Structures are given as structure tokens and as C-alpha cells.
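# Structural characterization, general
The lines below spell out each chain.
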Amino acid sequence: MNNKFIKLFKKELLNIVRDKKSFLSFIVMSVVLTPLLITGISLLEKFQTDQIKNEELVLSIVDNVNSVESQELISFLENKDTLRILESDTPNIDLKDQNIKGYLEINSLEANLSIKYIYDQSSNSSTGSLIKVQPLIEEYNIIKRANILSNLGITEAGLNPIVFSTITLQEVENKPAQSSFILFFLPYVILIALIQGAAQFAIELTAGEKEKNTLATTLSINASRVTIGISKISAILVLSLFSLVLNIASLTLTFTLMPQSLMGQQGGEIGNIIIGFDKLFQIF
């Protein structure tokens with residue numbers, strides 16, 4: 001059985017390699033598809049982020065408290081050049097009509113203010129406005145907290161007697177840290193690479209062979225159906241693993257050479273991809 005399997009295995013591989021156009025397209029897709037996909041997503045994300053940053057932030061405020069504290073907050077926001085406050089009696093309608101990006105609802109919560117930001121989740125522009133509004137509220141909160149602590153004679157450091165921090169083993173050993181993004185993303189790339197590498201040639205060695213009327217010749221060989229089937233599966237597996245190697249190499253090269261401006265906040269971490277031989281062995 002071993003000799004028959006080896007002969008059939010070589011035959012199936014030769015059938016795959018013989019079609020130069022399909023084999024070259026297989027290599028090109030394995031090498032080019034992953035960089036194009038990642039770069040395209042990064043460019044789209046950067047374009048949307050820049051678009052949101054350049055849009056004017058127009059908000060409405062619903063003050064249900066009408067206290068000194070709420071008026072101080074409104075005055076703080078009105079003095080910001082990054083937004084424009086629009087008076088509205090029907091903020092929900094204005095939000096649906098995209099006259100405003102969202103609106104702040106100020107309520108009381110015991111002795112404090114409760115601030116809710118209402119935005120339209122179906123609108124990218126409205127959803128993106130959240131990244132502009134939240135830092136402003138946090139900035140005002142920091143100012144108010146600092147004033148309260150100053151009046152009580154307490155410092156920020158006095159509120160944090162214990163300082164907790166983390167450090168990775170890679171940092172201890174002066175090795176570049178790897179982002180958890182890679183650990184999350186890599187298994188999906190592996191799955192896609194295996195399926196992509198197998199699908200094209202699996203069809204060619206089954207339906208394609210039947211269409212070319214060569215399947216009957218293969219079945220007439222003095223070998224069991226199991227041997228024929230395993231030889232086809234083994235040939236497809238070899239090409240799938242080859243596709244996997246090309247995809248991982250392409251992925252590593254892409255993140256290494258991709259401009260930092262397209263990588264967002266985690267650019268420094270994402271750019272460091274370390275796939276050792278032990279990891280490759282586990283993958284296989």
C-alpha cells in the first residue's frame with residue numbers, strides 16, 4: 001500500500017503543479033491577499049477616524065437639574081472651541097435628522113451630577129462623536145475633583161497609597177512585547193490560510209478530475225479507494241500547509257513594514273511579531 005500511496009501522492013501533486021496558471025494564482029493570493037486585507041482595513045479605519053476628527057461637533061444639552069454645578073459644566077463646554085452647543089426643544093428629532101451629533105442629559109444623583117450622552121448608534125458620525133465628548137467630561141471631572149481635594153487639603157497622591165503596575169516577561173528580558181491583538185488575530189489567519197489553500201485544489205482533484213474525464217483512469221489503478229482518497233487528501237494538505245507558511249510570512253512582513261500611522265495606538269506593539277520555530281511547530 002505504501003508504494004501505491006507514494007505513486008498516487010506524487011501524481012496528485014504533479015497534477016496540481018502542472019496547471020501553472022492556477023498554481024501561480026495560488027501563490028499570489030497567499031502572498032498578496034493578507035497584506036491587502038490588513039492594509040485596506042487599516043486605511044479605512046484611519047480614513048473614518050480622520051473624518052470624525054475633522055467634523056464639527058454640534059451638541060445639545062438637556063439640563064434637568066438647573067443648578068449652579070450644572071451651569072458651571074455648561075459654561076465649561078461652551079468655552080471649548082472643539083464643539084458648538086445648539087439649543088433644541090426636541091433633541092431626539094434633531095439627532096435623527098442629524099442636526100446634532102448627540103446631546104447631554106444632566107440629572108442629579110444624590111449630591112453629584114449624572115451625565116448621560118445620547119447618540120445615534122446607526123450613524124457613524126454620531127457614534128464617533130463619543131470619542132470627542134467623553135474626554136471633555138473627564139477633563140471637567142478632573143478639574144472639579146482637584147478643587148474639592150484642594151479645599152480639603154488632600155492631594156491626588158494621598159488618595160492612592162498603593163501604586164500598582166504590571167510588566168511583561170518580555171520587558172524584563174528586554175525583548176519586544178507582542179500585542180494581544182496578534183494572539184487573537186493569528187488563529188483566524190491560520191484557518192483562512194488553510195481553507196484558502198485547500199479549497200481550490202480540492203475542487204480540482206475531485207470535481208475537476210471528473211469534468212476532465214480522468215477520474216475513471218485514477219479509479220482503475222490497482223489501489224483501494226481508501227488509498228486513492230488518502231493520497232488526494234495528503235496532496236491537498238501539503239498545498240494547504242504551503243499556503244499557511246506563505247500567509248504567516250506575508251502577515252509578519254506586512255506588520256513589520258506597515259507605516260506606524262496606519263497601526264493606531266497599538267502600532268508599536270503590533271509591529272513586533274515574533275514567531276519562533278517552537279511556535280511554528282505547535283501551529284503545524
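For every chain, the first residue of the written sequence is number 1, and numbering continues from 1 along that sequence. Given that the model is predicted, a residue must reach a pLDDT of at least 70 before its local features are reported, and side-chain atom pairs must reach 80 or more before they are shown or counted; all residues, however, enter totals for whole chains, interfaces and linings. Side-chain measures here rest on the full set of heavy atoms in the structure, leaving out hydrogens and waters.

## Describing the overall build of the protein
Looking only at helices and strands, the protein has 12 helices and four strands in total. A burial count over the protein gives 30% of its 284 residues as buried. Working definition of accessibility: Shrake-Rupley area with a 1.4 Å probe, residue cover restricted to the visible protein chains. By element, 60% of the accessible surface of the protein is carried by carbon and sulfur atoms, the whole surface being about 18900 Å². Numbering of helices and strands starts at the N terminus; helices are DSSP runs of H or I of at least 4 residues and strands are runs of E of at least 2. To sort residues, take the accessible area from a 1.4 Å probe on protein chains only and compare it with the maximum for the residue type: under 20% means buried, over 50% means exposed, and anything in between is partly exposed.

## Notes on the nonpolar core
Counting 15 residues, the largest nonpolar core has Leu-59, Ile-61, Leu-73, Leu-77, Leu-83, Leu-104 and Val-133 as the members making the most contacts within it. Elements represented by at least two residues in this core include exactly strand 1 (57-63), helix 3 (68-78), strand 3 (102-109) and helix 6 (130-152). Beyond its immediate stretch of four places on either side in the chain, Leu-104 contacts Ser-60, Ile-61, Val-62, Leu-77, Ile-115, Lys-116, Tyr-117, Val-133 and Ile-137. In terms of nonpolar packing, the next biggest core, distinct from the first, is built from 10 residues, Ile-16, Phe-23, Phe-201 and Leu-239 among them. Throughout this description, the term nonpolar core refers to a set of buried Ala, Val, Leu, Ile, Met, Phe, Trp, Tyr and Cys residues connected via side-chain atoms within 4.5 Å. Contact between two residues is taken to exist if any of their heavy atoms lie within 4.5 Å; hydrogens are not considered.

## With respect to the packing of aromatic side chains
The rule is short: rings of Phe, Tyr and Trp, with Trp giving its six-membered ring, pair when the centres are within 6.5 Å, and they are stacked under 30 degrees, edge-to-face over 60, tilted in between. This structure, assessed with the given rule, holds two aromatic pairs. Centroid distance Phe-76 to Tyr-140: 5.1 Å. Interplanar angle 45 degrees. Geometry classified as tilted. Taken together, the residues Phe-76 in helix 3 and Tyr-140 in helix 6 connect sequence positions 64 residues apart. Assigned by exposure class, Phe-76 and Tyr-140 land together as buried. Relative to Tyr-119, the ring of Tyr-117 has its centre 6.0 Å away and its plane inclined at 20 degrees; by these criteria the two rings are stacked. For Tyr-119, a relative accessible area of 32% corresponds to the partly exposed category.

## Section: the pattern of salt bridges
Take a side-chain nitrogen of Lys or Arg and a carboxyl oxygen of Asp or Glu: if they are within 4 Å of each other, that pair is a salt bridge. Following the criterion strictly, the structure yields three salt bridges and no others. The salt bridge involving Glu-56 is made with Arg-84; its shortest N-O contact spans 2.9 Å. Of this pair, Glu-56 sits in the loop between helix 2 (20-54) and strand 1 while Arg-84 is found in strand 2 (residues 83-85), placing the two residues 28 residues apart along the sequence. When the shortest N-O distance is used, the salt bridge between Lys-144 and Glu-72 registers 3.1 Å. On the criterion of sequence distance, the pair formed by Lys-144 in helix 6 and Glu-72 in helix 3 is long-range, its members being 72 residues apart.

All we've got here are geometric facts, nothing functional implied.
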